[in-house]
Structures are given as structure tokens and as C-alpha cells.
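Breakdown of the fold
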Amino acid sequence: MIARIACGLVLGVLVVVVAGCGERPQVIEYKQGKYQGKPDQPPWDGAKFNGNRNEWELAIKQRNQNQNEYRRTN
Amino acid sequence: MARMRFICDAERCIECNACVTACKQENEVPWGVNRRRVVTINDGVPGERSISVACMHCSDAPCIAVCPVDCIYHTEEGVVLHDKDICIGCGYCFYACPFGAPQFPQTGAFGVRGKMDKCTFCAGGPEPNNSEAEFKKYGRNRPAEGKLPACAEMCSTKALLGGDADVLSDIYRERVTMRAARGTPGTPPWGWATAYGAPEPGKSPAAAPPPAPAPAPTGGKS
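The numbers attached to residues start from 1 for each chain and follow its sequence in the written order. The lettering of chains begins at A and the numbering of ligands begins at 1, in the order of writing. Per-residue local features of the predicted model are confined to residues with pLDDT of at least 70, and side-chain atom pairs are confined, for both listing and counting, to 80 or more; whole-chain, interface and lining totals are unaffected and use all residues.

Let's shift gears to the interface of chain B and chain A. Any residue pair is listed as a contact if its two C-beta atoms, each placed from the backbone, are within 7 Å. Every contact between the two is made by 38 residues of chain B and, on the other side, 30 residues of chain A. Working definition: helices are DSSP H or I runs of at least four residues, strands are E runs of at least two. Numbering for both runs from the N terminus. At the level of secondary structure, the elements contributing two or more residues to the side of chain B that touches chain A comprise α2 (62-66), β4 (72-74), β8 (160-164), α6 (165-180) and α7 (192-196) of chain B. The leading source of residues in the side of chain B that touches chain A is α6(B), at four residues. Here the residues of the side of chain B that touches chain A sort into 23 nonpolar, six polar and nine charged. In the scheme used here, Gly and all other residues not listed as nonpolar or charged are polar, with Ala, Val, Leu, Ile, Met, Phe, Trp, Tyr, Cys and Pro taken as nonpolar and Asp, Glu, Lys and Arg as charged.

If you want it as C-alpha cells, here you go:
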């Protein structure tokens, strides 16, 4: 009788412990949305840069240095 | 090309709200919508800090993930923009955004929510560059003119920096290095060269700034 109870207890504990393995992840997996709108024009694709990306990048980098007061004052 | 980014230096921001004003003026943002705002922590207490907050143009933007009509997109330069012709004004993006960037104009007699409006990095939207339609819906397209966001360019203390992330990192690194070395011999205090000119090579050290003691932590703004 005692052996049966012990066996039942062990089985019960095992079921509870193993049940944890069946837990599903509850974190949402974000999927990158597929944009439905109009295609955008890149900033270098205008009258000023005529599609020259390198020229645009250079202009932006040079312009960025205006925010560096160590370069502006010395 | 690195990604376009904003960074705000809390040590420099003086809560003047010039960035907010510049944004509203440049993009003719409607009444009740603030694409950018200044947040102050411990306002009025010595040691208070302010930062200017707008859309941070996240790499893995939660607004893009939750938008039910998929009207938000990333440009090649990493700017998060949206198409107002598709936006249904549901407000999911507002709840998803950790910065509270998406704004909704109140339209109609019952305060019906309009289409989402947010910081565009002054880069307009999916209309032809610098077109009237783009300006009316999204505001100015400054990158197409070779310029950077108006808020960052007009920040008087240069607390708010905006542009190529690599360049911003270099600027910020140089600034922090200079700030750390302030007052030590051989390194002029910040602003010395601006006020008195840089010491000329070969000239007597009298022209150089006197060594100043390290600034004591006062708890105020620097």
C-alpha cells in the first residue's frame, strides 16, 4: 500500500516537472512589416545631386561637421 | 553609409525649446502636434537634466511591427517614415513607441483622431522630393537639399546632434574627451580658443590659458 502511494507521488511529481517542458514561448515574434505604401525617392535622387549618392553622402558628412564646434572654432 | 541618428547630450541641453520651435517652423506642423519636445527630469531641482525627444528612428522599430496597414517603412539611410495616404489613424504605433513619438491631430467636432504625424528627420515622405504634396503632408525634405534636420542644426548649445551616426560618434567622442580633460595643463578649457583665439605655435606660453583647477561638482548644468 505504502509502495503504491510512493509510486503515485513520484509519478505525480514527474508529471508536474515534465509539464514545464511543454511550455510555449510567450514572447511575440515581431515580423518586419511589408510596406504597403508608395515607393520613396532617395534623397540623392533629386535636382541637386542628380542621383549621385557619393556626392550626397559627402555633402551630408561635411554638413555634419558644422555641428562640431571644435572644428568650427579652431 | 551609416544610419541617420539623433543624439542629445543631457549635459548641454538647457531646455530652451529652440529645437521644438525650429521643427514646428520648418515643417509647418499643425497646432496641437509636437513632433519634438524637451523632457526635463527633476525640474527646478539642482542637477536637473533635460533632453530633446522625438522619433529615434529605431533600427527595429516597434511602430513598423504593429502597424496594421503597413504604412511605416525604413529608408535606405535608416530613417523611419510613413505614408499618410494609407495611415488609418488607429494609434497602435503610439502605444508601441517607447518615446511617444507618433502624434495625432485632433480633427472634427468630436476630437476624432487624424492621421499619424511624427518626426521625419526633416526627410519628408513618399512623395516626390521637395514637391508641394510632400511639404503639405510631411514637411520639408532637407536631406534632398544636402541639409540635416533643422532641430539639430539650430541647437544653440549643440546638445542635439543629428546626422550620420559615424560622424556623430566622432563628434561626441571628441567632446567627451575634451570635457574630461578640461582644465588640465596643455588642454585649454572649453571655450578658451573661441574667446581668445587658439595659442599660436612658437609663441610664449603666456598666451596659453592658465591651468585651472578641476571644476567642483556643483550639481548644476555644465
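That covers the picture; the talk isn't over yet.
To continue, consider unusual backbone geometry. Residue and element names in this part refer to chain B. If you check the backbone angles, N42 has positive phi at about 60° while not being a glycine. Tracing the backbone through its elements, the reader meets N42 in the loop between β2 (37-41) and β3 (49-53). Exposure is read from a count of other C-beta atoms within 10 Å of each residue's own; the residue is exposed at 12 or fewer, buried at 20 or more and partly exposed in between. C-beta atoms are placed from the backbone. Take N42: there are 10 C-beta atoms within 10 Å of it, and that puts it in the exposed class. Notably, K158 is not glycine yet its phi reads approximately 55°, a positive angle. Secondary-structure assignment places K158 in the loop between α5 (150-154) and β8.

All names here are of chain B. Counting all residues, the mean pLDDT for chain B is 85, and 79% of those residues have values of 70 or more. Per residue, pLDDT measures the predictor's confidence, with a range of 0 to 100. Within the model, the stretch residues 217-222 combines pLDDT values under 50 with six contacts to residues more than four positions away or in other chains. Quick note on the complex model: pTM equals 0.75, ipTM equals 0.76.

To continue, consider helix α1 (residues 2-19) of chain A. Taking 1.5 Å of rise per residue, 18 residues should cover 26 Å, and α1(A) covers 26 Å from first to last C-alpha, within 8% of that figure. A small share of α1(A) lies buried, amounting to zero of its 18 residues. The span one expects for a helix is its residue count, reduced by one, times 1.5 Å.

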